[in-house]
Amino acid sequence: MSYNGSAKAGCLVSSDDVCNGSCTKREVSVTSTAISMTVGIVSNTLALFILIKAYRRFRFKSKAAFLLFASGLVVTDFLGHLINGSLALYVYASQKGWETFDPHKSLCDFFGVCMAFFGLTPLLLGSLMAVERCIGVTRPLFHTTALGSHHVKSLLGLTWLLGLLVALLPILFQRSYQMQRSRSWCFFRLQGPRDWVDVLLPILFSVLGLLALLLSLVCNTMTFLTLLRSRVQLDRDYHRHCRNTSHHSEMVCQLLAIMLVSCVCWGPILITGIIFSLQDHGEDQASYTHMLLVVRMATWNQILDPWVYILLRKAVLKSLFLVALRLCSPHLKIKLQWQGITQDNSTTEVRSSVISRPDFICLDGPFPPDTAIQSAHPR
């Protein structure tokens, strides 16, 4: 969703001062849209490269499912910036003359479908990733047997289809998307004459988005508490932890960051969509300014999402942990240390596990959840 709102179109007015001010606002909007589109495409491309590289390393391990979902999310964000940004730039280049270049409103409908699809689908994918990690941590055996790569790809396809179906509902019900007041984008009909279908469609969109955020919150909380309980028991009983703990910590940090970004960026526009659907705010300036603000906040979701995978990686988190250690007092004894900082990575430990619950017993102590069954090797 690559869009930045602007002032009303048209610089051909009688006053030169008003003309210059309007043209300046339009130029700023075009520039900000182009920058947002470029930054989003570059960021998502870099994140996709990192995820593909990680997937090759963990292709046959439990982390592969999470990486596939994450790759699907990044690809969706990438296409959202590319398509929506290109449409917005075309509208600006055409002086926002919708009556001239889109007399049948077909481009507005396509723009609205893209805005709805690339807005809702990332929220659905984020909740799907949270559910996958929650199952992997709390029910590792079921995760190993039931979530193969083909199942993950099928779930990805179904999620995209669901997002596309919701986006196409106005077209299927013969309700065209509405050109918004800034004349630079199209979305659900939130103003003017409406019937119950026009009211229901944006509410459905917003409710699905809010339910996806709520599901992410619940699943991520369960995952975090399960890992925390397992980590505390490991430190209390055995004073050590298994090698896969850092991978779980990395994924949980990424999920929490994605959930936080989605709530901050998309929460306001989803709530605003429900309020505007139930109440007629007319064409007042306050409503226009508020909608412009929440839409701009939503555009940042697809810019910030890829940086979660770029910054919140194991290597980066380890570096931040080392910096935190250096900043602490040298006399301070820290019991929780990142796996690999105090141990030689070349040392191969004997492992034997039977996955049954998050705190089962093995030769090295209890494994964390979602640890794959491995064969024992001599030291």
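Structural data are supplied above this passage.
Residues numbered from 1 in each chain as written. Predicted model: local features only at pLDDT ≥ 70, side-chain atom pairs only at ≥ 80, totals over all residues. Heavy atoms only, no water.

Engineer: Is there a simple way to explain helix H6 (residues 149–172) in this structure?
Structural biologist: Turn by turn, an α-helix covers 3.6 residues, leaving residues three or four places apart pointing in a common direction. The end-to-end C-alpha separation of H6 is 33 Å, in line with the 34 Å expected for 24 residues at 1.5 Å each. Of all the bends in H6, the greatest, near 30 degrees, is centred on Val166, and the proline Pro170 appears no more than four residues after it. Buried within H6 we find Val152, Leu156, Thr159, Gly163, Val166, Ala167, Leu169 and Pro170. Directly beyond the C-terminal end of H6, a positive phi value near 55 degrees is found at Gln174. (Helix = DSSP H or I, 4+ residues; strand = E, 2+ residues; numbered from the N terminus. Expected span 1.5 Å × (residues − 1). Bend = angle between axes of the 7 residues up to and from the residue. Buried < 20%, exposed > 50% of the residue type's maximum accessible area, 1.4 Å probe, protein only.)

Engineer: Mind showing me how you'd approach the packing of aromatic side chains here?
Structural biologist: For any pair of aromatic rings, the description consists of the separation of the ring centres together with the inter-plane angle of the planes. Within the structure shown, the criterion is met by nine aromatic pairs. Taking 5.6 Å as the distance between ring centres and 35 degrees as the angle between the ring planes, the aromatic pair formed by Trp185 and Phe187 counts as tilted. Of the residues examined, Phe187 reaches a relative accessible area of 6% and is grouped as buried. Here the aromatic cluster, defined as three or more aromatic residues joined through ring pairs, consists of Tyr177, Trp185, Phe187, Phe188, Phe205 and Trp266. (Phe/Tyr/Trp six-rings, centres within 6.5 Å; stacked < 30°, edge-to-face > 60°.)

Engineer: Just checking my understanding: could you explain the environment of Met129 for this structure?
Structural biologist: Relative to the helices and strands, Met129 resides in helix H4 (residues 106–138). Between the C-alpha atom of Met129 and that of Ala70, which follows or precedes it by 59 residues, the distance is 7.4 Å.

Engineer: Could you clarify how one ought to interpret a nonpolar patch on the surface in this entry?
Structural biologist: Among the surface-exposed residues, Leu158, Leu161, Leu162, Leu164, Leu165, Leu168, Ile171, Leu172 and Phe173 lie close enough to one another that they form a single nonpolar patch of about 810 Å² accessible area. Within the secondary structure, Leu168 is located in helix H6. (Patch = residues over 30% accessible without salt bridge, like charges linked within 9 Å, V, L, I, M, F, W, Y side chains within 5 Å. Areas by Shrake-Rupley, 256 points an atom, 1.4 Å probe, with all protein chains shown as cover. Salt bridge = Lys/Arg side-chain N within 4 Å of Asp/Glu carboxyl O.)

Engineer: Before we go on, may I ask you to explain the state of the cysteines in this structure?
Structural biologist: In protein structure, a disulfide is the covalent linkage between the sulfur atoms of two cysteines. Applying the stated criterion across every chain, the model contains one disulfide. The side chain of Cys108 participates in a disulfide bridge whose partner is Cys186; the two sulfur atoms lie 2.1 Å from each other. On the sign convention where negative means left-handed, the S-S torsion of about -120 degrees between Cys108 and Cys186 marks this disulfide as left-handed. In this pair, Cys108 sits in helix H4 while Cys186 sits in strand E2 (residues 186–187), placing the two residues 78 residues apart along the sequence. Among the residues examined, Cys108 registers a relative accessible area of 3% and is labelled buried. For Cys219, which is in no disulfide, the shortest distance to another cysteine sulfur is to Cys134 and amounts to 4.7 Å. With no disulfide partner, Cys265 has as its closest neighbouring cysteine sulfur the one in Cys263, 9.7 Å distant. On the accessibility criterion, Cys265 (6% relative accessible area) is buried. (Disulfide = S-S within 2.5 Å.)

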